[in-house]
Amino acid sequence: MTAEPANWRAHLPTGVDPATVDLLAERSLPAAWAARWADHAAAPTVHDRRSGWTTAGELEARSAGAAARFHAAGALPGDRILISAASSLALVVAHVAALRLGLVVVPANTAYRERELVHLVTDARPTLAVVDDPTCARWVVDADDRVVATGPDLDLLPAGREHPLLDRSAPDDPALLAYTSGTTGSPKGALLSHGNLLSSAEALRIAWRWTPDDRLVLPLPLFHLHGLGVGLHGTLLAGAGVVLHEAFDPGRVVDAVRDERATLLFGVPTLWQRLLASGRAGELDGLRLGVSGSAPLDAQLHRAIAEATGQRLIERYGMTETVMNVSNPYDGERRPGTVGIPLPHVSLRLAPGTGEILLRGPNVFAGYWERPDATADSFVDGWFATGDVGAIDDDGYVRIVGRRKELIISGGYNVYPREVEDVLRRHPSVSDVAVIGLPHPDWGEEVVAVVEGGDPGADAALRVLAVDELAPYKRPKRIVHVEALPRNALGKVVKAEVRDLVG
Ligand code: MCA
Ligand code: AMP
């Protein structure tokens, strides 16, 4: 079954002819941003706690200076630059500079432990690393002593005296190497092109009626595509403003919406849930639009937010490999429990038999970095197989009804059970372990380790192992012991039965 491509008319303002929608007209985000900056140099563009508002003209100048430093440090178009830092103006400058110079940005979660970061460094082989935590910087350099590492203010790089060419990337040139485990195995880099990033941001700009008058409060990190590819890239493409928060605090978000007269707020369901629980959600009634994504938004939470704030959230569906795919419409019904209608130029259909969501469009990546087999496995006749199982309402609204991939989504972060199991299995008291996600009112899904034959006395040691090897959001919140894990005739653990056993 196919969600008719014509359905995306629902995302266009009245009177716009779909035939005129060219998502790649500006060729790349940097080229489009440069055009905005030239037209509106005085526009307040990025706000952080340390610097207040920075204008478009200042962002242009500072990012050109940063690009000159990268160039002076020897980085060439196509080289990778690892960036791992909390949200700040300096991080935005480094990211924008890297894209302007044609470098390929490798975003890394600041919570990664040494094992996780070393995997990224050895796989992506970056030339440069911008890292705000000195311990992480040491891990990066120890993993590959050819990497030049610096903090976000770039003070360890030579001042650039030459002016390298900027904003020259073509739509097919690589822009971002975003690590994700896909369906199985260790994290692999999804290589997104400038065209992928631009087309997705442009589709959202149109669909969400994003204008230079908008101000977004962004309490999500910039090392995943929700914060980066949607929040930051969309803001700069629209010529709008973004208020960065280093971490999520409900009170600070509500204050910022008021103080900065913000019109937009993007979050994961956990964030919306916590805003509601804070008792201050009613103060968000000045927003023009609230958006939820990265994890299923409970229909009841959708309604509760609408009651408290007057905001009917737009729920949308995205993925690292495809940036954004589907969104509820700005005009028209925002249907709770659905992710909406495919975005402009995105085609979506369900695989016969399995109902797996298959996607095609200018937003869909070309493949995984240096992984031809994994790339081949993830495409079916040119359609990207998402691992999500969908259903399509009669009028084209898409619902996500299950997953074919083994994935837990906790608070909007993806946790791959296999990775956690591999770490815990290293402990001698564990004969086997199954890691599952159980429903949780705050996290959506909670990571639970079900240990076979384990000695409950060894739980403390298991927790230490998890702290050493796994970012906090991947660590089991609970460890449960069972005599034997349920297995099928081939001896394989049956996760659905494990869930029934302890759920
Ligand atoms: C933090 N912890 C978590 C999580 N976040 N544990 C499980 N799941 C999490 N998501 C850990 C903390 O490190 C801490 O551990 C303990 O749990 C309590 O943390 P707390 O202070 O409550 O959490 P927080 O720091 O306030 O973070 C909650 C959060 C955050 C704001 C919801 O998780 C977050 O920003 N999530 C969004 C991530 C995101 O941007 N995802 C988009 C992926 P300890 O006590 O040990 O220190 S991109 C994507 O999915 C696609 C493209 C899409 O569609 O968007
Ligand atoms: P990531 O690999 O971090 O890009 O996560 C992508 C996955 O998040 C998708 O394949 C979905 O399983 C899930 N996801 C994103 N948005 C939604 C949503 N609105 N509802 C349900 N699942 C979602």
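Placed above this text is the structure.
What counts as what
Residues numbered from 1 in each chain as written. Chains lettered and ligands numbered in written order. Predicted model: local features only at pLDDT ≥ 70, side-chain atom pairs only at ≥ 80, totals over all residues. Heavy atoms only, no water. Pairing = 2+ DSSP bridges. Helix = DSSP H or I, 4+ residues; strand = E, 2+ residues; numbered from the N terminus. Buried < 20%, exposed > 50% of the residue type's maximum accessible area, 1.4 Å probe, protein only. Polar contact = N/O pair within 3.5 Å; in protein donor to acceptor, adjacent residues only side chain to side chain. Contact = heavy atoms within 4.5 Å. Core = buried A, V, L, I, M, F, W, Y, C linked by side-chain atoms within 4.5 Å. Near = heavy atom within 4 Å.

A. Spotlight on the sheet that holds strand 12 (residues 264-267). Taken together, 9 strands build an open sheet; the order of strands is 3-2-11-10-12-13-14-15-16 and the sheet is mixed. Across the chains shown, the open sheet's two edge strands, defined by having one partner strand only, are strand 3 (52-55) and strand 16 (341-342). Two strands pair when backbone bridges link them, and strand 10 (residues 215-218) and strand 12 are joined in this way by 2 bridges, in the parallel orientation. The partner of Leu-216 across the bridge, within strand 12, is Leu-264.

B. Quick look at the side chain of His-11. Mapped onto the elements of the fold, His-11 is located in the loop between strand 1 (2-3) and helix 1 (29-39). Under the relative-accessibility criterion, His-11 is labelled buried at 0%. Polar side-chain contacts of His-11 include one of 3.4 Å to the backbone oxygen of Ser-327. Only 2.9 Å separates the side chain of His-11 from the backbone oxygen of Ile-341, close enough to count as a polar contact. With residues near it in sequence (within four places) discarded, His-11 still touches Ile-206, Ala-207, Arg-209, Ser-327, Asn-328, Pro-329, Ile-341, Pro-342, Leu-343 and Pro-344.

C. Focus on the nonpolar core. Judged by nonpolar contacts, the single largest core of 106 residues is most densely connected at Phe-70, Ile-81, Trp-208 and Trp-210. Considering each element in turn, this core owes the most residues, 10 residues, to helix 3 (residues 89-101). In this view, Trp-210 contacts Leu-204, Arg-205, Leu-216, Val-230, Gly-231, Gly-234, Thr-235, Ala-238, Ala-240, Leu-264, Phe-266 and Arg-288; residues no more than four positions away in its chain are not counted.

D. Up close: the site of ligand 1. Ligand 1 sits among 24 residues. The nearest are Ser-294, Arg-316, Ser-410, Gly-411 and Lys-477. Between ligand 1 and the protein, one listed contact pairs an oxygen atom with a side-chain N or O atom of Ser-294 at 2.6 Å. Between ligand 1 and the protein, one listed contact pairs an oxygen atom with a side-chain N or O atom of Arg-316 at 2.6 Å. Elements with a minimum of two residues in the shell around ligand 1: helix 9 (269-277) and strand 14 (314-319). Take the shell around ligand 1: its biggest share by element is 3 residues, from strand 14.

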